[in-house]
Number of protein chains: 2
Amino acid sequence: MKSDKPYRLTRQREVILEEVRKVYHHPTADEIYENVRKTLPHISLGTVYRNLDVLAEFGLIKKMEPDFPQMRFDGNTKEHYHITCLHCGMIEDAPIEPSGNSLKNLENALGNLTKHGIFGHKLEFIGLCSKCREKENGRIFKEKLNECIDTGGFK
Amino acid sequence: MKSDKPYRLTRQREVILEEVRKVYHHPTADEIYENVRKTLPHISLGTVYRNLDVLAEFGLIKKMEPDFPQMRFDGNTKEHYHITCLHCGMIEDAPIEPSGNSLKNLENALGNLTKHGIFGHKLEFIGLCSKCREKENGRIFKEKLNECIDTGGFK
DNA sequence: ATTGTTGCAAATATTTTGCATCAAT
DNA sequence: ATTGATGCAAAATATTTGCAACAAT
């Protein structure tokens, strides 16, 4: 719970929270909308979006945003990991080799645990690029760090 | 190069490829569009999108798609990794603890190498869920595996 | 009574597509 | 000559927002 505004309990909010908690497959907003409509046929999609934001703000659910919102393109076709700057959004190449061993082990372990066929992974580092770091002198670092911990957005 | 259709060299395609290779920060389609327009003022955004697809299809550039296209929501607010099914798109929780040690070491190493402030990572496993695996009996597994290797989409 | 919330519709933003014309092979 | 590529505009998709009416505190 990190927001300072009051948490006003509405029927819509209540049902939406219930629906998100009911399913275990990370539903999209319109999946939730369709389910909630069975209970509240007149609810609007805008209300669903707004409430999902509010619920996440209060830490009751987790909002999973795509790692970056738009497609991007890369002239470097070799395999590599990326570092994303939380402040300016810039994505840079990580100057380390994709670590073949330890993460391959994790993949194998997971495959055995789950009966899934695991055959790859994506690893993205999150931080502040040097420019933003200077400019912000740690301010955003701490702010964002808290946000990330609170939402469990990544580890 | 994996497409069977002919690669037709047009001026637009040439300039677009040049622009993607020129910048090192993983540009978006409209960034490329704006840059290409300095050389070809009448090019359309549709042409840019279509060519970026074609260039990626021929392995000349890499297309970076967001890990999932829409926002998703999660009733489980604990930290955890995810497994994404390439076939049906379902995202499940990975039944392993976020590995604090080895990846934290990587984070530290990267921080030192780059002067970035690294304070987190996202790790996503890619595979086929058990249902899709049965249904497809390995077919898509191999297909997609090749695709992934070719595009370097993930490692 | 105050102020946040709702439903609706319109706006935004990103990407895709239909189509007639044009250009590379 | 054939067939893929282009420019343009319209469509499709996902999300946000303005606003008047409404409801929780």
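Going by the structure above, here's the rest.
So, here's what we can say about the structure. (Residues numbered from 1 in each chain as written. Chains lettered and ligands numbered in written order. Predicted model: local features only at pLDDT ≥ 70, side-chain atom pairs only at ≥ 80, totals over all residues. Heavy atoms only, no water.)

To continue, consider the packing of helix 1 (residues 11–22) of chain B against helix 3 (residues 45–57) of chain B. Residues and elements named next belong to chain B. Close contact between helix 1 and helix 3 brings their axes to 10 Å; oriented N to C, the two are set at 75 degrees. Comparing their axes, helix 3 and helix 1 come out roughly perpendicular. Residues Q12, R13, I16, L17 and V20 of helix 1 lie in contact with helix 3, whose contacting residues are T47, V48, N51, L52, V54 and L55. Here the residues of the contact of helix 1 with helix 3 are counted per class, giving seven nonpolar, three polar and one charged. (Axes fitted to C-alpha atoms, helices over the stretch in contact; angles between N-to-C directions. Helix = DSSP H or I, 4+ residues; strand = E, 2+ residues; numbered from the N terminus. Parallel < 35°, antiparallel > 145°, perpendicular 65-115°, else oblique. Contact = heavy atoms within 4.5 Å. Nonpolar A, V, L, I, M, F, W, Y, C, P; charged D, E, K, R; others polar.)

Before going further, it helps to spend a moment on the protein's contact with DNA strand C. The environment of DNA strand C is formed by 17 residues, the closest being T10(A), R13(A), T47(A), M71(A) and Y49(B). Take the atoms of DNA strand C that sit within 4 Å of the protein: sugar and phosphate atoms are 71% of them. Here a phosphate oxygen of DNA strand C sits 3.5 Å away from a polar atom, N or O, in the main chain of H42(A). The contact in question runs from a base nitrogen of DNA strand C to an N or O atom on the side chain of R50(A), over 3.0 Å. Going through the elements one at a time, helix 1 (11–22) and helix 3 (45–57) of chain A together with helix 3 of chain B are the ones with two or more residues in the surface near DNA strand C. The class makeup of the residues in the surface near DNA strand C is five nonpolar, seven polar and five charged. (Near = heavy atom within 4 Å. Polar contact = N/O pair within 3.5 Å; in protein donor to acceptor, adjacent residues only side chain to side chain.)

Here we come to the relation of the copies chain A and chain B. Of the transformation superimposing chain A on chain B, the axial component is 0.0 Å and the angular component is 180 degrees, with the fit at an RMSD of 0.1 Å. The relationship between the two copies is best expressed as a two-fold rotation axis. Scanning chain A for the C-alpha nearest the rotation axis identifies L123(A), at a separation of 2.3 Å. Both copies present the same face, since 100% of the interface residues in chain A are matched by interface residues at the equivalent positions in chain B. (Least-squares fit on C-alpha atoms with pLDDT ≥ 70 in both.)

The next point concerns the protein's contact with DNA strand D. Around DNA strand D, the surrounding shell holds 18 residues, and the nearest of these are Y49(A), T10(B), R13(B), Q70(B) and M71(B). Considering the 4 Å shell around the protein, atoms of DNA strand D inside it are sugar or phosphate in 69% of instances. Between DNA strand D and the protein, one listed contact pairs a base nitrogen with a side-chain N or O atom of R8(A) at 3.5 Å. Between a phosphate oxygen of DNA strand D and a side-chain N or O atom of Q70(B), the distance comes to 2.8 Å. For the surface near DNA strand D, the leading source of residues is helix 3 of chain A, giving four residues. Classifying every residue of the surface near DNA strand D by side-chain character gives five nonpolar, eight polar and five charged.

A few words on the sheet that holds strand 3 (residues 82–85) of chain B. Spatially, six strands are ordered 4(A)-3(A)-5(A)-5(B)-3(B)-4(B) in an open sheet, and the strand pairing comes out mixed. Pairing within the sheet leaves two strands with one partner each, and these edge strands are strand 4 (91–93) of chain A together with strand 4 (91–93) of chain B. Sheet twist, expressed as the average angle between the axes of neighbouring strands with direction ignored, equals 30 degrees. The sheet contact formed by strand 3 (residues 82–85) of chain A and strand 5 (residues 117–128) of chain A spans four bridges and is parallel. Bridged to T84(A) within strand 5 of chain A is I126(A). (Pairing = 2+ DSSP bridges.)

All right, on to the pattern of salt bridges then. Residues and elements named next belong to chain A. Here the structure, examined in full by the defined rule, presents ten salt bridges over all chains. Residue K63 is joined to D53 by a salt bridge in which the shortest nitrogen-to-oxygen separation is 2.4 Å. Of this pair, K63 sits in strand 1 (residues 62–64) while D53 sits in helix 3, and the two are ten residues apart along the sequence. You can call K63 partly exposed: its relative accessible area is 24%. (Salt bridge = Lys/Arg side-chain N within 4 Å of Asp/Glu carboxyl O. Buried < 20%, exposed > 50% of the residue type's maximum accessible area, 1.4 Å probe, protein only.)

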